[in-house]
2 protein chains.
Amino acid sequence: MYDVEKRGDKPIYEYLYMCIRDDIVGGRIKGGEKLLSKRRLAQQEGVALITVENAYEQLIVEGYIESRERSGYYAVMDAERFAYATGSGIDNRPAIDKRNTNSIYKKDKMAFHGSTNTRRYTSRKDNKESVTGVTNNKEPALADFVSQRLHDDAFPFDIWSKLMRKVLSDRNPECLAPPDPCGLEVLRYAIAGYLMRSRGIDANPDNIIVGPGTEYLENILLVLSGGGALTAVEDPGYKKIGLVCERSGHKCLHIPVNKDGLDVFALEGTSVRLVNISPSHQFPTGAVMSAVRRAQLLDWAGREDAYIAEDDYDSEFRFSGRPIPPISASYPDRVIYMNTFTRTLAPSIRIAFMVLPDKLMERYREKLSFYSGTVSSFDQLVLAEFINGGYYERHLSRMRNYYSKRRENILKIFEDKGDNSLFTPIKDNAGLRLILKGPDWLDDEKFIKELSEKGIKISCMNDYCYSYKKMYEHLFLLSFGAANEDDFKKALPVMEEVSINYRN
Amino acid sequence: MYDVEKRGDKPIYEYLYMCIRDDIVGGRIKGGEKLLSKRRLAQQEGVALITVENAYEQLIVEGYIESRERSGYYAVMDAERFAYATGSGIDNRPAIDKRNTNSIYKKDKMAFHGSTNTRRYTSRKDNKESVTGVTNNKEPALADFVSQRLHDDAFPFDIWSKLMRKVLSDRNPECLAPPDPCGLEVLRYAIAGYLMRSRGIDANPDNIIVGPGTEYLENILLVLSGGGALTAVEDPGYKKIGLVCERSGHKCLHIPVNKDGLDVFALEGTSVRLVNISPSHQFPTGAVMSAVRRAQLLDWAGREDAYIAEDDYDSEFRFSGRPIPPISASYPDRVIYMNTFTRTLAPSIRIAFMVLPDKLMERYREKLSFYSGTVSSFDQLVLAEFINGGYYERHLSRMRNYYSKRRENILKIFEDKGDNSLFTPIKDNAGLRLILKGPDWLDDEKFIKELSEKGIKISCMNDYCYSYKKMYEHLFLLSFGAANEDDFKKALPVMEEVSINYRN
């Protein structure tokens, strides 16, 4: 059926995944059609069973196929929706898949991609207050699962210092000139190269805008969307983006997400012109936006002349499987790709970027090119050297291992406890955050407050909800970027003790 | 009359200036009252004539007294307006001084404080296009009087590099944590100390907000002014601030300036809630806002519950006389002090700051504290060390000498030419820009364009005007931050040749 000899330097599982995906998108496998069993396909292709399992797993995660219990694997029913994605265009839109509009964590095991995002809605005194506004005393927390602070060994001080010294002694003429408002050319080229290597995005360096953070870039997008244009954000989601909209006087719709990602149906009939999503690892639910939803969203955006801002913040920390492809790789005319170095390098390094579609870039040049650059040229030059010298990708690979081990060690704590634990991790294979399902009797806010008084900082899913709070009750977010397995070992008994007290 | 023995460590001229100023503000010298002649006062106080001349000069520059030809020195007629400034408050507002509403460069010799600001309205390709949008070929310009680029010897590379190495090897815990959105505490304290020493401002470090540029900070002020609030900017003025308003959907009034600064009368009856001014050295005219105007503006702001954003960008480069005091030193409840390190250190270092009045700071905490910090913690730590180690003030003093010499050398070129020159510098004792008055027959835009084609970049006052262009015709701005006296020597004959061709 497929010729695995043609895979080039790709792993076999990835080659199989791509072949099947193309067959589904291309209509050679129809929506609802049953696929070969894993065993049959493995025999037919002469590959190991695990190889086929990995390929199918990736197709499931990205929403091309689904597993039906005691029956087998099927191409998703909405496969005809991919017509848009392949460029043929369709006008008859079938009804949206309304599965799982209750809780994305209840109905379907497959949906359990808990978020491990390192972002959070920070209050001003970032290190002094928990997300719920509880002020802690100044003693160091027993365990802090909220902070984005890095451990000393997580930043490449030596290389950074070496490159900074080089930049300052080179006395590059760019050091003493006003920086290009979009970012130094050398950095924009370095970013474009990295995007091509790591995310398959063929970005034009002239369409890249560098800024001191995602919020700053969002502000630019709001201006480019035009005065009074409606913006949409995910609910639950990264609250800051909604706040940026509101504070700058823009109206903002909060659109529910479920296990397949944003509910595109909720956008119909609105005048939304910009929708912010995190499709490869939704924050905070961890959902991967399904292939069908992606096609629906692109279809909607095309019809409405709207833009999709794709926040790809967590793509660097996927611990198994193939990285989820960014939408912007295939649809650069509709999708703004956004990412930041503040997550992958340090929260104190304020460099983020976005890739604008040509039309928006034109609008930017017309309307906003008078702005001065917002990131120091010294830092931009160092970062460019860091990427071009191969240090960045090596650093990411080191950090992926570093966090992967930490994640495994933490999950092992729960495994060792067996079924007796009051808290159950919702397994996810990406990001720096665990979602724990706690006992039903908890009052989440009170619980977090009491823990905070005992020196343990965690946040709950409800903190990120605009509506639908009920759906996300008793789900807690523990970031393991700053805290490690020993912190977990100390924290878990306290969390259980406090929980048990609440039972009475 | 005054006891110069009581002056402490102040220079005598400064002490005299302060005594007379206080007498005027305190009503002991009435508006319109004639002062002692310089000679009489010098005899009476037993000081040199030059000392009194310096004191009177400063009082004239700041608008407390005026010189009437062949008659002597008089306290300004509107001196009763200082009632507000002394806190007594008045309700009967005398008619505004309408002198010099034509051109601020024609009627009064005293008004000739030409701007030497280093800022300009930059187009996107900052170093490739002139302000009028003319694209130059890629050959280096013969002489560039528009660029903000620094010469190699104008940045303290060695010290900066040393301090950066220190910060990176200290591994300060702040390096790896999300920075406070307002800026690191250590930097805010350093800035507060500097403001006290250099500008007499007693700033609360908790009211300081650090950002990557004045435009970013202005955006914050617009949000804090409330949705739909009207904002005012100077005309002519620093165009970017008006553009920031418009692009973010805020309405903006352009208020004329004359030799005394902003025409406060034009604010009456408007619903302006925020007015942006550069009182100590107006950009681009170089006017110093007179004492009377300051009092009027504060009076207006008090009545209207409006705020004054005081851009103090050029205060570091005043080459003679006492620095002009910032309004915010005396009225921190009404005035936002703003300044930037991108002018005094390098245009590539994106660190600016503002000091908010308590009320606005409260509003900021309520509305905008969710924003992430916008300046790298590494850079903030280095800058804090740079200020606290005394390097900043030494650097400023060095740069003041550096530019002062350059300015003198350039003025000497004109002096040597005598009255034959087609271009006359309008003398100013501050900033990094000369204003040249050119021949009346020029078409400014064409002239600049032709010069640009010949490799000489200059801008004209008209580029900074919103209305009133006629008033500012044939005035050209030459920044000498990037170009030196040799560049001037090369440029001037070309400028004259091109001018003469236009005559025919």
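For every chain, the first residue of the written sequence is number 1, and numbering continues from 1 onward in sequence order. The naming scheme follows written order: chains are lettered A onward, ligands numbered 1 onward. Restriction of local features to residues with pLDDT of at least 70 applies here, the model being predicted, together with a cutoff of 80 or more for giving and counting side-chain atom pairs; totals for whole chains, interfaces and linings are based on all residues. For the side-chain quantities, the full set of heavy atoms in the structure was used; hydrogens and water were omitted.

Caption draft 1: Quick peek at the overall build of chain A. Looking only at helices and strands, chain A features 16 helices and 16 strands. In this scheme, a residue with accessible area under 20% of its type's maximum is buried, one over 50% is exposed, and one in between is partly exposed, where area comes from a 1.4 Å probe on protein chains only. Residue burial in chain A is summarised as follows: out of 504 residues, 62% are buried. The long-range share in chain A, meaning contacts at least 24 apart out of those at least 6 apart in sequence, stands at 74%. About 19,700 Å² of surface is accessible on chain A, with carbon and sulfur atoms providing 47% of the total. Counting from the N terminus, the helices are the DSSP runs of H or I reaching at least four residues and the strands are the DSSP runs of E reaching at least two. Residues count as neighbours in contact if any of their non-hydrogen atoms are within 4.5 Å of one another. Per-residue and other accessible areas were derived by the Shrake-Rupley procedure at a 1.4 Å probe size, with only the shown protein chains allowed to occlude residues.

Caption draft 2: Looking closely at the sheet that holds strand β16 (residues 475-479) of chain A. Should DSSP find at least two bridges between two strands, the strands are regarded as paired. Spatially, β12-β13-β16-β15 (chain A) is the arrangement adopted by the four strands of the open sheet, whose pairing is antiparallel. Of all the strands in the sheet, just β12 (424-426) and β15 (459-460) of chain A have a single pairing partner and so form its edges.

Caption draft 3: Just helix α6 (residues 185-199) of chain A, in detail. Residues and elements named next belong to chain A. When the terminal C-alpha atoms of α6 are compared, their 20 Å separation across 15 residues agrees well with the 21 Å that a helix rising 1.5 Å per residue should span. Looking at α6, one finds that the buried residues are L187, R188, A190, I191, A192, Y194, L195 and R199. Downstream of α6 by a residue or two, G200 has a phi angle that is positive, lying close to 65°. By this rule, a helix spans an expected 1.5 Å times one less than how many residues it contains.

Caption draft 4: Inspection of the relation of the copies chain B and chain A at higher detail. Copies overlap after least-squares fitting; the atoms used are the C-alpha atoms of residues with pLDDT of at least 70 in both. Rotating chain B by 180° and translating it 0.0 Å along the rotation axis places it on chain A, where the RMSD comes to 0.1 Å. What the superposition gives is, in effect, a two-fold axis relating one chain to the other. Most of the interface of chain B is mirrored in chain A: 100% of its interface residues are interface residues there too.

Caption draft 5: Looking closely at the interface of chain B and chain A. Each side of the interface is counted separately: chain B has 59 residues, and chain A has 59 residues. Note on definitions: buried area is the accessible-area loss of two parts on being combined, 1.4 Å probe, summed for both. Between chain B and chain A, roughly 5,400 Å² of surface is buried when both sides are summed, and carbon and sulfur atoms account for 58% of that area. When a carboxyl oxygen of Asp or Glu lies within 4 Å of a side-chain nitrogen of Lys or Arg, that pair is called a salt bridge. Where chain B touches chain A, the interface holds two salt bridges. Residues D158 of chain B and R171 of chain A are paired through a salt bridge, measuring 3.3 Å at the closest nitrogen-oxygen approach. Broken down by secondary-structure element, the contributors of at least two residues to the side of chain B that touches chain A are α5 (157-170), α7 (214-224), α8 (239-247), α11 (358-367) and α12 (377-388) of chain B. Throughout, the ten residues Ala, Val, Leu, Ile, Met, Phe, Trp, Tyr, Cys and Pro are labelled nonpolar, Asp, Glu, Lys and Arg are labelled charged, and all others, Gly among them, are labelled polar. Of the residues in the side of chain B that touches chain A, the class split is 28 nonpolar, 14 polar and 17 charged.

Caption draft 6: Broad picture of unusual backbone geometry. Between D235 of chain A and the following residue, P236 of chain A, the backbone shows a cis peptide bond with an omega angle of 0°. Structurally, the position occupied by P236 of chain A is in the loop between β5 (230-235) and α8 (239-247). Omega for the peptide link from F283 of chain B to P284 of chain B comes to 5°, which places this bond in the cis form. Summarising the element assignment, P284 of chain B is placed in the loop between β8 (272-277) and α9 (291-304). Look at Y468 of chain A: it is not a glycine, yet its phi comes out positive at around 55°. For Y468 of chain A, the location among the structural elements is in the loop between β15 and β16. With a phi angle near 55°, R70 of chain B is a residue other than glycine that sits in the positive phi range.

Caption draft 7: Fine view of the pattern of salt bridges. Scanning the entire structure with this criterion turns up 48 salt bridges over all chains. E62 of chain A is paired through a salt bridge with R322 of chain A; the nearest N and O atoms lie 4.0 Å apart. Residue E62 of chain A is found in the loop between α3 (49-61) and β1 (65-68), and its partner R322 of chain A is found in the loop between β9 (307-311) and α10 (327-330); the two are separated by 260 residues along the sequence. Ionic pairing is found between E268 of chain B and R303 of chain B, a salt bridge with its closest N-O pair at 2.8 Å. With E268 of chain B in the loop between β7 (261-262) and β8 and R303 of chain B in helix α9, the pair connects residues that are 35 residues apart, well separated along the chain. By relative accessible area, R303 of chain B is classed as partly exposed at 32%.

Caption draft 8: Summary view of the pairing of β1 of chain A. Residue and element names in this part refer to chain A. Judged from the four bridges that link them, β1 and strand β2 (residues 72-75) form a sheet pairing that is antiparallel. Paired with I65 across the two strands is A75, which belongs to β2. The loop that links β1 with its antiparallel partner β2 comprises three residues; one of these, R70, has a positive phi angle of about 55°.

Caption draft 9: Spatial organisation of the sheet that holds strand β6 (residues 252-258) of chain B. Residues and elements named next belong to chain B. Read across the sheet, eight strands follow the order β4-β11-β10-β9-β8-β5-β6-β7 without closing on themselves; strand pairing throughout is mixed. Among the strands making up the open sheet, the edge pair consists of β4 (208-211) and β7. Direction of pairing for β6 relative to β7: antiparallel, over a ladder of two bridges. Each bridged residue has a counterpart across the sheet, and for V257 the counterpart in β7 is L262. The sheet contacts of helix α6 (residues 185-199) involve β4, β10 (335-340) and β11 (352-355), and relative to β4 the element is tilted by about 110°. Whenever a helix is involved, its axis is fitted only over the stretch in contact; in every case the axis is a line through C-alpha atoms, and angles between N-to-C directions fall within 0 to 180 degrees.

Caption draft 10: Expanded view of the packing of aromatic side chains. Stacked, tilted and edge-to-face are the three classes applied to pairs of Phe, Tyr and Trp rings, where Trp contributes its six-membered ring and a pair requires centres within 6.5 Å; stacked means planes under 30 degrees apart, edge-to-face means over 60, and tilted covers the rest. Inspection of the entire model under this criterion finds 43 aromatic pairs over all chains. The interplanar angle of 25° and the centroid separation of 5.9 Å between the aromatic rings of F386 of chain A and Y391 of chain A together place this pair among those described as stacked. Here the aromatic residues F155, F157, W160, Y194, Y337, F341, F353, F386, Y391 and Y392 of chain A together with F378 of chain B are joined through ring pairs into a cluster of three or more. Here the guanidinium or amino end of R334 of chain A rests over the ring plane of Y307 of chain A, the centre of that ring lying 5.2 Å away. When the NZ atom of lysine or the CZ atom of arginine is within 6 Å of a ring's centre and also within 35 degrees of its normal, the charge is said to sit over that ring.

Caption draft 11: Representation of the packing of α5 of chain B against α12 of chain B within the structure. All names here are of chain B. The geometry of α5 relative to α12 is characterised by a closest axis approach of 9 Å and an angle of 120° between their N-to-C directions. It follows that α5 is oblique to α12 by the angle criterion. As α5 runs across α12, the sense of the crossing is right-handed. Across the interface between the two elements, I159, W160, L163, M164, K166, V167, L168 and D170 from α5 touch F378, D379, L381, V382, L383, E385 and F386 from α12. Angles are sorted into four bins: roughly parallel if under 35 degrees, roughly antiparallel if over 145, roughly perpendicular if 65 to 115, and oblique for all others. Crossing chirality is assigned from the near helix's rotation relative to the far helix, an anticlockwise turn below a right angle marking it left-handed and a clockwise turn marking it right-handed.

Caption draft 12: View of a negative patch on the surface. Residues and elements named next belong to chain A. Within this analysis, patches are made of residues with over 30% relative accessible area and no salt bridge. Like charges are joined at 9 Å or less; nonpolar side chains (Val, Leu, Ile, Met, Phe, Trp, Tyr) at 5 Å or less. Positive charges come from Lys and Arg, negative ones from Asp and Glu, while His and the chain ends are left out of the count. Taken as the charge location is NZ of Lys, CZ of Arg, CG of Asp or CD of Glu. A cluster of acidic side chains, namely D333, D358, E362 and E366, defines a negative patch on the protein surface. With respect to the element layout, E366 can be found in helix α12 (residues 358-367). When its relative accessible area of 63% is taken as the criterion, E366 is described as exposed.

Caption draft 13: Representation of the environment of T231 of chain A in the model. All names here are of chain A. In this structure, T231 sits in strand β5. Accessibility expressed as a relative area gives 0% for T231, which makes it buried. Ignoring any residue separated from it by four or fewer positions in sequence, one finds T231 in contact with E218, L222, C245, K251, C252, L253, V272, L274 and N276.

Caption draft 14: Quick look at the environment of M338 of chain A. All names here are of chain A. Tracing the chain through its elements places M338 in strand β10 (residues 335-340). What makes M338 buried here is its relative accessible area of 3%. Distance in space between the C-alpha atoms of M338 and A352 is 7.7 Å, their sequence separation being 14 residues. In this view, M338 contacts T214, L217, E218, L221, A309, E310, D311, D312, Y313, F353 and M354; residues no more than four positions away in its chain are not counted.

Caption draft 15: Examining a positive patch on the surface more closely. Together, K162 and R165 of chain A together with K162 and R165 of chain B give the surface a local cluster of positive charge. Looking at the positive patch, the elements that each hand over two or more residues are α5 (157-170) of chain A together with α5 of chain B. Within the secondary structure, R165 of chain A sits in helix α5. Judged by its relative accessible area of 38%, R165 of chain A falls in the partly exposed class.

Caption draft 16: View of the confidence of the model for chain A. All names here are of chain A. With 87% of its residues at a pLDDT of at least 70, chain A reaches an overall mean of 85. Segment residues 83-103: pLDDT under 50, and 44 contacts once partners within four positions in sequence are set aside and those in other chains are kept. pLDDT: the predictor's confidence for each residue, scored from 0 to 100. Every residue in residues 106-138 is under pLDDT 50, and counting partners more than four places away or in other chains gives 117 contacts.

Caption draft 17: Quick look at the environment of V210 of chain B. For V210 of chain B, the location among the structural elements is in strand β4. With 22 residues separating them along the chain, V210 of chain B and R188 of chain B place their C-alpha atoms 7.8 Å apart.

Caption draft 18: Molecular detail of the packing of helix α2 (residues 38-45) of chain A against α3 of chain A. Residue and element names in this part refer to chain A. Where α2 meets α3, the axes come as close as 8 Å, and the angle between the chain directions of the two elements is 120°. Viewed along their axes, α2 and α3 adopt a mutual orientation that is oblique. Taken as a pair, α2 and α3 cross one another with a handedness that is right-handed. Facing K38, R39, L41 and A42 of α2, the residues of α3 in contact are L49, V52, E53 and Y56.

Caption draft 19: Structural view of helix α16 (residues 485-503) of chain A. All names here are of chain A. The end-to-end C-alpha separation of α16 is 27 Å, in line with the 27 Å expected for 19 residues at 1.5 Å each. Residues of α16 that are buried: D487, F488, A491, L492, V494, M495, E496, V498 and S499. Structurally, α16 contributes buried residues whose contacts are with β3 (143-144), α14 (391-417), β13 (433-437), α15 (444-453), β14 (456-457) and β16.

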